[in-house]
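Secondary and tertiary structure notes
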Amino acid sequence: METNGGSAPQASLDDPLEPGARPHVRLEDLVRGAAHGPSGERASAGCSGEEAAAGDRAASAGPADEGAAAGEPLTAKLARRTVPGVLYERGPEEGYLRCTACAHRCVLSPGRTGACGIRFEQDGELRVPFGYVARHYVRSVETNTIFHVRPGARSLTFGMFGCDLRCPYCQNWKVSQALREPGSDGEPIDISAADLVEVAVQAGCEVLASAYNEPMITAEWARAVFTEARRRGLVTALISDGNTTPEALEYLRPVADVFRVDLKGWSADQYRTLGGRVEPVLAAIGEARRLGYWVEVVTLVVPGFNDKPDGLRALGAEIARVDPDIPWHLNAFYPRYKMRDRATTDPAFLVDVAGVAYARGMKYVYVSNVADRVRELSHTRCPACYEVVVRRFNYETQEVLLSGGACPSCGTRVPGLWGPSAA
């Protein structure tokens, strides 16, 4: 794969940030959306001692705190909704912890939070989010951009607050970027794992998905919810940015079926803009496949950011190198959040990229969020005879023609987690 005109480094989930670049920040800085230097110092000195002390009190708030004050900041609300975490190891110095939920592998000194703003050290242990959701909706499973999993099924999709990346075009920024946006008025909704799954069951869902923010930084909560979901017979899915670790993937694999990844670009510069690196994402796709997750990949094609044809061809080649059966979704960009100054993606361009991907050996390439202009690339076709085996329009399944998970015309098996009627 080419990166900035040269060869990309070998992808590795174990490759941490350089020590000087480790996120190491205070909760009150995140809630203001303040910039941080590479050593974790605040870029602005405008915070008074009293304000800093208030932020430290928010960071150290425990789950037993009662009677939150009016106007309590979101950071304090979330700090009280935590439990001891599992995904961490002891740090390089006494009193330090290294979080292993995402590829930042933040080293946390006492009282400090990681880049996500929601995992923090307190009294020698890692505190992690638990027992709430920021939002949850029941919709078709396809709205999670998952096409080879129970087509047409209803899915309860839930999320929490916080993210390890800072994408300027995020569709769910009011949740994922809430801790970085001044004046955020987000409100956590307290709920148990069993009650959340009961909502899904009562709504007739077959799938339960963790999305809207990055699920790997709330892995302990996802595992609790997914354990209950599996007990009730639901398929479970992680809708992730892929910036994760082998430890987190292995931790969730016993209760997680699907790893749907946003592969956002191919170059170091692109991922630096987003606050991450491309190598861990590529490695996570391969590791998830090795562990037995069903994997689908989405690339949102943003004009002027990641829309160079040779770069997109390289991404397709990387996915195919892992497994040509992995579905690749090429989605059109629409102006949002901090990127309202550019046009939507030309659907014809996405069709061209999809055609090249097919020509180079990928078997399932989709263009589905411009259904009014590109309908045929929403369907799943048999890779041998090209007959439509699942027909869709605008993220809704219209017809499932699979027979025993295979093409009814030629008998070729089509990989996926199909429902009982199709499997």
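Attention in this report is confined to the structure presented alongside it. All residue numbers refer to positions counted from 1 along the written sequence of the respective chain. Only residues with pLDDT of 70 or above have their local features reported here, since the model is predicted, and side-chain atom pairs are shown and tallied only from 80 upward, although totals for entire chains, interfaces and linings are computed over all residues. The side-chain numbers reported here are obtained from all heavy atoms of the structure, hydrogens and water having been left aside.

Take the overall build of the protein chain next. Helix and strand counts for the protein chain come out as eleven helices and 21 strands. The rule is simple: take the accessible area with a 1.4 Å probe, protein chains only, and divide by the maximum for that residue type; under 20% is buried, over 50% is exposed, in between is partly exposed. Relative to its full complement of 423 residues, the protein chain shows a buried share of 57%. Contacts are residue-level and defined by heavy atoms, with any inter-residue pair within 4.5 Å sufficient. Across the protein chain, contacts joining residues at least 24 apart in sequence account for 67% of those joining residues at least 6 apart. Roughly 17,000 Å² of accessible area belongs to the protein chain as shown, and the carbon and sulfur atoms make up 48% of that amount. Only runs of H or I of at least four residues qualify as helices and only runs of E of at least two qualify as strands under DSSP, and these elements are numbered from the N terminus. Exposure was quantified through the Shrake-Rupley algorithm and a 1.4 Å probe, taking into account, for residues, occlusion by the shown protein chains and nothing else.

Quick look at the sheet that holds strand β20 (residues 388-393) now. Strand order in this open sheet of three strands is β19-β20-β21, and the pairing throughout is antiparallel. The sheet is open, and its two borders are formed by β19 (380-381) and β21 (396-400), each paired with just one other strand. Pairs of strands are assigned from DSSP output, requiring at least two bridges between the strands.

We now examine the sheet that holds strand β3 (residues 82-84). Taking strand neighbours across the sheet as the criterion, the three strands line up as β3-β8-β7 in an open arrangement whose pairing is antiparallel. Of all the strands in the sheet, the pair left with one neighbour each is β3 and β7 (120-122). Sheet twist, expressed as the average angle between the axes of neighbouring strands with direction ignored, equals 45°. Bridging between β7 and strand β8 (residues 125-129) involves three bridges; their strand directions are antiparallel. The axes used here are C-alpha line fits, helices contributing only the stretch in contact, and every angle between their N-to-C directions lies in the interval 0 to 180 degrees.

Right, let's talk about unusual backbone geometry for a bit. Of note in the backbone geometry, R105 takes a positive phi value of approximately 50° without being a glycine. With respect to the secondary-structure elements, R105 resides in the loop between β5 (97-99) and β6 (107-108). One non-glycine residue, Y212, lies in positive phi territory at about 75°. Structurally, Y212 can be placed in the loop between β13 (207-210) and α6 (219-231).

Time to look at the nonpolar core. By convention a nonpolar core is built from buried Ala, Val, Leu, Ile, Met, Phe, Trp, Tyr and Cys residues, the set being connected through side-chain atoms within 4.5 Å. Formed by 93 residues in total, the largest nonpolar core has its most connected members in L208, F259 and W328. Not counting chain neighbours up to four residues away, the residues in contact with L208 comprise S155, L156, F158, V197, A200, V225, F226, A229, L234, V235, T236 and A237.

Once that is clear, we can look at the environment of V149. Within the secondary structure, V149 is located in the loop between β10 (135-140) and β11 (154-159). Aside from chain neighbours lying at most four places away, what touches V149 is V141, V207, V235, V258, W294, E296 and L417.

Quick look at empty space enclosed by the protein now. Within this scheme a cavity is a closed region of a 1 Å grid, computed over the protein atoms alone, that accommodates a 1.4 Å probe without allowing it to escape, whereas a pocket is open but has protein on both sides within 12 Å along at least five of seven lines; lining residues each have an atom within 4 Å of a point. Grid points are joined across faces, edges and corners, and a volume is the space filled by probe spheres set on the points. Across all of its chains, the model carries two cavities of 30 Å³ or more by this definition. For the largest cavity, the lining is made up of 13 residues, of which C99, C102, C106, C116 and R119 are closest to its centre. A per-class count over the lining of the largest cavity returns eight nonpolar, two polar and three charged. Note that Gly is not counted as nonpolar here; it falls among the polar residues with everything else outside the nonpolar set of Ala, Val, Leu, Ile, Met, Phe, Trp, Tyr, Cys and Pro and the charged set of Asp, Glu, Lys and Arg.

Under the pairing criterion, centres of Phe, Tyr and Trp rings, with the six-membered ring standing for Trp, must be within 6.5 Å; the plane angle then separates stacked pairs below 30 degrees from edge-to-face pairs above 60, leaving the rest tilted. Within the structure shown, the criterion is met by eight aromatic pairs. Both rings, one in F130 and one in W221, keep their centres 5.0 Å apart while their planes meet at 75°; by these two values the pair is edge-to-face. One end of the pair, F130, is in the loop between β8 and β9 (132-133); the other, W221, is in helix α6, and 91 residues separate them in sequence. Ring geometry for Y132 versus F161: centroids 6.1 Å apart, planes at 20°, classification stacked. One end of the pair, Y132, is in strand β9; the other, F161, is in the loop between β11 and α4 (173-176), and 29 residues separate them in sequence.

Time to look at the pattern of salt bridges. Oppositely charged side chains can pair when the atoms bearing their charge come close. One speaks of a salt bridge when a side-chain nitrogen belonging to Lys or Arg is within 4 Å of a carboxyl oxygen belonging to Asp or Glu. Scanning the entire structure with this criterion turns up 22 salt bridges. Between R321 and E318 there is a salt bridge, and its shortest N-O distance comes to 3.0 Å. With a gap of three residues between them, R321 and E318 both fall in helix α10 (residues 309-322), about one helical turn apart. A salt bridge links R342 to D341; the nearest nitrogen and oxygen atoms lie 3.5 Å apart.

What follows concerns the pairing of β21. Across four bridges, the pairing between β20 and β21 is antiparallel. Its bridge partner lying in β21, F393 is registered against E396. In this antiparallel pair of consecutive strands, β20 and β21, the connection spans two residues, and N394 shows a positive phi of 55°.

Relative to the assigned elements, R260 resides in strand β15 (residues 258-262). You can call R260 buried: its relative accessible area is 6%. In protein, a polar contact requires one atom able to donate a hydrogen and another able to accept it; more generally it is a pair of N or O atoms within 3.5 Å, and residues adjacent in sequence count only if both atoms are side-chain atoms. From its side chain, R260 meets the backbone oxygen of N144 in a polar contact 3.0 Å long. Excluding residues that lie within four positions of it along the chain, R260 makes contacts with N144, T145, I146, L238, I239, S240, E296 and V298.

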